[in-house]
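Working through the structure, step by step
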Amino acid sequence: MDQPRREFLKASLVASAATLTGLSASAETSTAGREYYELRAYRLKSGAPHDLLDGYLANALIPALNARGIASVGIFTEPEAKDGPAVWVLIPHPSLKSWSDITASLNADPAVVAAGGAYFDPALADNPAYDRIDSWLFLAFAGLPRMVVPELTRAGKPRILELRTYESFNEVKALKKVDMFNAGEIDVMQQVGLSPVFFGQALAGSGLPQLTYMLCGPDREAHKEHWTGFGNHPVWVALKVDPQYADTVSKITARFFVPTAYSQI
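The structure reproduced in this document is the subject of the present report. Not measured: the values here are computed from a predicted model. Each residue is numbered by its place in its chain's sequence as written, counting from 1. Totals for whole chains, interfaces and linings use every residue, but because this is a predicted model, local features are given only for residues with pLDDT of at least 70 and side-chain atom pairs only at 80 or more, for both listing and counting. Side-chain figures throughout are based on the complete set of non-hydrogen atoms in the structure, without hydrogens or water.

Quick notes on the overall build of the protein
Keep this limit in mind: Comment: elements are numbered from the N terminus, with helices defined as DSSP H or I runs of at least four residues and strands as E runs of at least two. Here's how the labels work: a residue is buried when its accessible area is under 20% of the maximum for its type, exposed when over 50%, partly exposed in between, all with a 1.4 Å probe on protein chains only. Any two residues whose heavy atoms approach within 4.5 Å are treated as being in contact. Throughout, the Shrake-Rupley method with a 1.4 Å probe supplies accessible areas, and for residues the shown protein chains are the sole cover considered.
Scanning the protein from N- to C-terminus turns up eight helices and eight strands. When each of the 265 residues of the protein is scored for burial, the buried share is 44%. Pairs at least 24 apart in sequence give 80% of the contacts found in the protein among residues at least 6 apart. Accessible area for the protein stands at about 12500 Å²; split by element, carbon and sulfur atoms hold 55% of it.

Encoded structure:
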């Protein structure tokens, strides 16, 4: 991607972010300190192995991102896949420029191509490492402006991760749901042990308008208990009946992930 096109894309995304957050493009400074997240779903054909994809992600993508200052990259599978098998990748970025520059240049780097090995082999054109890639770009919520690597990850312990997507009827309702999280939901989740990893307002991708967030727990049973604590918390009890937050969500999709052996989240 050439420089003028990258700058145009960046400007377009900034304008989109400003619109979705109810701000003018000139007020971009309100996003200062808030990360951006790219979430990818590498879609696989049913029953297809993903050894080649694992090799690329573990040996080429993650080291290249780490070398470019992206410290923690999440790689997950979904045992109970809702819409077909996939490998999910979560990449945090400190800025839109980071996302634009790294995405545009990464696979043009000879070192990345060499590390990817067979993943890039043209002989695999009829049997590629994946089918297609779906991608979403998110802006972190003000209430959790930077991703939190779970304690379980840092301790090297088993864990599950829940990815939840909330679609809304329109953009204004989507913004009110973001406000609701910032007004207390995030704090309650942290208090009851749901271990939030990130909260993101979708700027680009399918299913807009929507927001997506990720939680972590040691296992499904303990995670369910943490959700019970959330549901009984007085702050949540008050928020859910506050009329300003009525009808903010039209659809919820919850996915449970397990991290790959090489995931950094």
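There is more to say after this.
Description of the pattern of salt bridges
Put simply, the rule is: By convention in these notes, a salt bridge is any Lys or Arg side-chain nitrogen within 4 Å of a carboxyl oxygen on Asp or Glu.
In this structure the tally under the stated criterion is 14 salt bridges. We note a salt bridge from Lys-45 to Asp-131, for which the minimum N-O separation is 3.4 Å. In this pair, Lys-45 is assigned in the loop between strand 1 (36-43) and helix 2 (51-67) and Asp-131 in the loop between helix 4 (110-116) and strand 4 (132-140), connecting sequence segments 86 residues apart. Looking at Asp-131, the relative accessible area reads 35%, which means it is partly exposed.

Here's the deal with the pairing of strand 7 (residues 210-217)
Convention followed: Pairing between strands is defined by DSSP: at least two bridges between them are needed.
Of all eight residues that make up strand 7, eight are buried, and the element is covered over most of its length. In strand 7, alternate side chains face the same way, and those of Gln-210, Thr-212, Met-214 and Cys-216 on one face and Leu-211, Tyr-213, Leu-215 and Gly-217 on the other are all buried. Of the strand pairs in this sheet, strand 5 (residues 160-167) and strand 7 are connected by eight bridges, and their pairing is antiparallel. In the strand pairing of strand 7, Glu-167 is matched with Gln-210. Strand direction decides the pairing type here: strand 6 (residues 196-204) and strand 7, joined by five bridges, are antiparallel. Opposite Gly-200, over in strand 7, you have Thr-212 as the bridge partner.

Points about the side chain of Glu-185
For clarity, the threshold we go by: Throughout this description, a polar contact denotes any pair of N or O atoms lying within 3.5 Å of each other; where both atoms belong to protein, one of them has to be capable of donating a hydrogen while the other can accept it, and for residues adjacent in sequence the pair is counted only when both atoms sit in side chains.
One can find Glu-185 in helix 6 (residues 171-191). At 2.9 Å, the side chain of Glu-185 forms a polar contact with the side chain of Lys-177. When residues no more than four places from it in sequence are discounted, the contact partners of Glu-185 are Lys-177, Met-180, Phe-230, Trp-236 and Leu-239.

Topic: helix 6
To keep it simple, the criterion reads: Here the expected span of a helix is defined as 1.5 Å times the quantity of residues minus one. We define the bend at any residue as the angle between the axes fitted to the seven residues before and including it, ending there, and the seven starting there.
With 21 residues, helix 6 should reach 30 Å at 1.5 Å per residue; the first-to-last C-alpha distance of 29 Å fits that figure. Largest kink in helix 6: about 55°, centred on Asn-182. Among all positions of helix 6, only Ala-174, Lys-177, Val-178, Met-180, Phe-181, Gly-184, Glu-185, Ile-186, Val-188 and Met-189 are buried. Where the residues of helix 6 are buried, they touch strand 5, strand 6, strand 7, helix 7 (220-232) and helix 8 (234-240). Two residues or fewer after helix 6 comes Gly-193, characterised by a positive phi angle close to 90°.

Here we look at unusual backbone geometry
One can expect most non-glycine residues to show negative phi and most peptide bonds to be in trans. Omega for the bond connecting Leu-208 with Pro-209 falls within 30 degrees of zero, at -5°, which places this linkage in the cis form. Inspection of the secondary structure puts Pro-209 in the loop between strand 6 and strand 7. Despite not being glycine, Ser-195 has its phi angle at roughly 50°, a positive value. Overall, the relative accessible area of 25% leaves Ser-195 in the partly exposed class. You will see that Asp-247, though not glycine, has its phi angle at about 60°, which is positive.

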